[in-house]
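Chain by chain, the residues:
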Amino acid sequence: RNPHVGGYMSIKRVAESIDSNMWIPADRNSVVTLSEAILRIFRDESERKDRQKARLMWLVEKYGVAEFKNAVMREVESYKRGVTIQNSQPAPTGDYERRDLSGIHKQPDGKYRVGVLVPAGRLHPADCRTIADVAEKYCDGEIRLTVEQNIILPNVDESQLDDLKKEPAFESGSRFKLTPGNIEANLVSCTGAQFCGLALIETKSNAEQLVDALEAKWSVDKPLRIHWTGCPNSCGQVQVADIGIMGAPAKKLDPETGKNKAVPGCNIFVGGRIGEDAHLAMEPDFKNIPLDLDDLLPVVENILVEKFGAVPKKKRKRDVLKKLVGMA
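This part is about the packing of aromatic side chains. Under the definition given, this model contains one aromatic pair. Between tyrosine 63 and phenylalanine 68, the ring centres sit 5.9 Å apart and the planes meet at 70 degrees, which makes this aromatic pair edge-to-face. The exposure class of tyrosine 63 is partly exposed, given its relative accessible area of 23%. Residue class for phenylalanine 68 comes out buried when judged on its relative accessible area of 2%. The residue whose ring lies beneath arginine 13 is tryptophan 58, and the NZ or CZ to ring-centre distance is 5.0 Å.

Next up, the structure:
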């Protein structure tokens, strides 16, 4: 693997990670040893007194890439674990396709991993107990978390899959889903104004509301990553998202007074990417959009159609008939 270092997001600076000109084998010992070396150097030498500069990129820039690499190599050699760092190898040239972490997938050892959707990454105490009980029953209590704020239940026996899918935790109406749609599956949200004093807007409830509306109406042919963050610190990492929504001021016409009034709003970033061809969307494509669903939904729908080829979902004949006769 060719490690990249130094990428980060903050209110003052957003930076892409850079090539460290290092290569290590993709084995556990090498990865853990390299990570430990970088963390120890950062712990000992970074700007710990200045929060804005207490990030790895500043230390890499202080050293210079070549000298930082030498410092890491010296640290790794001091551990005497047989890990050798070489120069970067040519990057892959083929198309990058990210592994799907949602749903049920076979592991190399013959067992299965089960991805569980956690809407907006929010778990209530009862949810935690529910998932813990399921994990205890099907995967020896092991639970893994994804960067999309979802859950993976690993090492499930094939003979148990049908029983797992029938668990009350995954019944219709539950917050958890085993087969989420392409829009809802990769929703990411920061804590938001409910629990964070820096956030300009409430994120998680608005994120769920928007995604539910989009998922009900639109279909996309591949997983779509929508990220929410309450402020420019970008804890929700909107710059790497297909669609990133950042809290911002907005104004909206007050019908009672006929004047514009301040309302919660957002800026929308489009086109961030992760993986081999990673790219940060540095500037918002849309600014100061009111957060009300009536205002935000049409803007995001247009982005879905124009940028990601979304098409309307076909309504089932049964649902159409129910509506006609007043049953729905």
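All right, on to the environment of glycine 6 then. Along the polypeptide, glycine 6 turns up in the loop between β1 (4–5) and β2 (8–9). Linking glycine 6 and leucine 56, residues 50 residues apart in sequence, is a C-alpha distance of 5.1 Å. Among all residues touching glycine 6, those that are not within four sequence positions of it are Ser17, Leu56 and Met57.

Further remarks concern the nonpolar core. Formed by 28 residues in total, the largest nonpolar core has its most connected members in Leu214, Ile226, Trp228, Ile243, Ile268 and Leu296. Counting only elements with at least two residues in this core, the list comes to α6 (204–217), β11 (226–229), β12 (243–254), β13 (259–270) and α7 (293–308). If one sorts the elements of this core by residue count, α7 sits on top with seven residues. Residues in contact with isoleucine 243, not counting those within four places in the same chain, are Leu224, Arg225, Ile226, His227, Ile268, Phe269, Val300, Ile303, Leu304 and Phe308.

Tracing the backbone shows serine 20 in the loop between β4 (18–19) and α1 (28–45). The class of serine 20 is buried, set by a relative accessible area of 2%. There is a polar contact of 2.7 Å between the side chain of serine 20 and the backbone oxygen of proline 3. Leave out the neighbours within four places in its chain, and serine 20 touches Pro3, Val5, Val65 and Lys69.

Time to look at helix α3 (residues 65–79). Taking 1.5 Å of rise per residue, 15 residues should cover 21 Å, and α3 covers 22 Å from first to last C-alpha, within 8% of that figure. Within α3, burial applies to Phe68, Lys69, Ala71, Val72, Val76 and Tyr79. The buried residues of α3 all sit within an arc of 160 degrees when viewed along its axis, so they share a single face. Of the residues in α3, the exposed ones pointing more than 90 degrees away from the buried face are Ala66 and Glu77. Next to the buried residues of α3 lie α1 and α2 (56–63). Lysine 80 lies just past α3 and shows a positive phi near 55 degrees.

Time to look at the layout of surface pockets. Roughly 1400 Å³ of internal volume is contained in the largest pocket. Together, 39 residues line the largest pocket, and His4, Ser17, Gly275, Glu276 and Ala278 are the ones closest to its centre. Counting residues per element, the ones that place at least two in the lining of the largest pocket are β2 and α1. Broken down by element, the lining of the largest pocket gets its largest block of residues, four residues, from α1. What the second largest pocket holds in volume is close to 690 Å³. Arg98, Lys222, Pro223, Arg225 and Asp242 are the residues nearest the centre of the second largest pocket, which is lined by 29 residues in total.

Spatially, β5-β6-β8-β7 is the arrangement adopted by the four strands of the open sheet, whose pairing is antiparallel. Looking along the sheet, the strands with just one partner apiece sit at the ends: β5 (103–106) and β7 (144–145). Where strand β6 (residues 112–116) lies against strand β8 (residues 151–156), four bridges are found, and the strand directions are antiparallel. Among the inter-strand pairings, valine 114 is bridged to a residue of β8, identified as leucine 153. Against the sheet, helix α4 (residues 125–138) touches β6 and β8, its axis set at about 15 degrees to β8.

About the criteria used
- The written sequence of each chain sets the order in which its residues are numbered from 1.
- Reporting of local features is limited, given that this is a predicted model, to residues whose pLDDT is at least 70; pairs of side-chain atoms are given and counted only at 80 or more, and all residues count toward the totals for whole chains, interfaces and linings.
- Side-chain measures were taken over the full set of non-hydrogen atoms in the model, leaving aside hydrogen atoms and water.
- Aromatic pairing here means that ring centres of Phe, Tyr or Trp (its six-membered ring) are within 6.5 Å. Orientation follows from the plane angle: under 30 degrees is stacked, over 60 is edge-to-face, and everything else is tilted.
- Think of it in three bands: with a 1.4 Å probe and only protein chains considered, a residue is buried below 20% of the maximum accessible area for its type, exposed above 50%, and partly exposed in between.
- The rule is short: NZ of Lys or CZ of Arg within 6 Å of the ring centre and within 35 degrees of the ring normal puts a charge over the ring.
- Helix and strand definitions follow DSSP, with helices as H or I runs of at least four residues and strands as E runs of at least two, each counted in order from the N terminus.
- Here, residues are in contact when the closest pair of their heavy atoms is within 4.5 Å.
- Residue types Ala, Val, Leu, Ile, Met, Phe, Trp, Tyr and Cys, when buried and joined through side-chain atoms within 4.5 Å, form a set referred to as a nonpolar core.
- Any N or O atom pair separated by 3.5 Å or less is treated as a polar contact, with the protein-specific requirement of one donor-capable and one acceptor-capable atom, and with residues adjacent in sequence counted only for side-chain atom pairs.
- One less than the residue count of a helix, multiplied by 1.5 Å, gives the span that helix is expected to have.
- Regarding the arc, it is the one traced by the directions from the helix axis to the C-beta atoms.
- Residues are called lining when one of their atoms sits within 4 Å of a cavity or pocket point, these points coming from a 1 Å grid over the protein atoms alone, where a cavity is a set in which a 1.4 Å probe fits but cannot get out and a pocket is an open set with protein on both sides within 12 Å along at least five of seven lines.
- Grid points are joined across faces, edges and corners, and a volume is the space filled by probe spheres set on the points.
- Strand pairing follows a simple DSSP-based rule, namely that at least 2 bridges must link the two strands.
- Whenever a helix is involved, its axis is fitted only over the stretch in contact; in every case the axis is a line through C-alpha atoms, and angles between N-to-C directions fall within 0 to 180 degrees.

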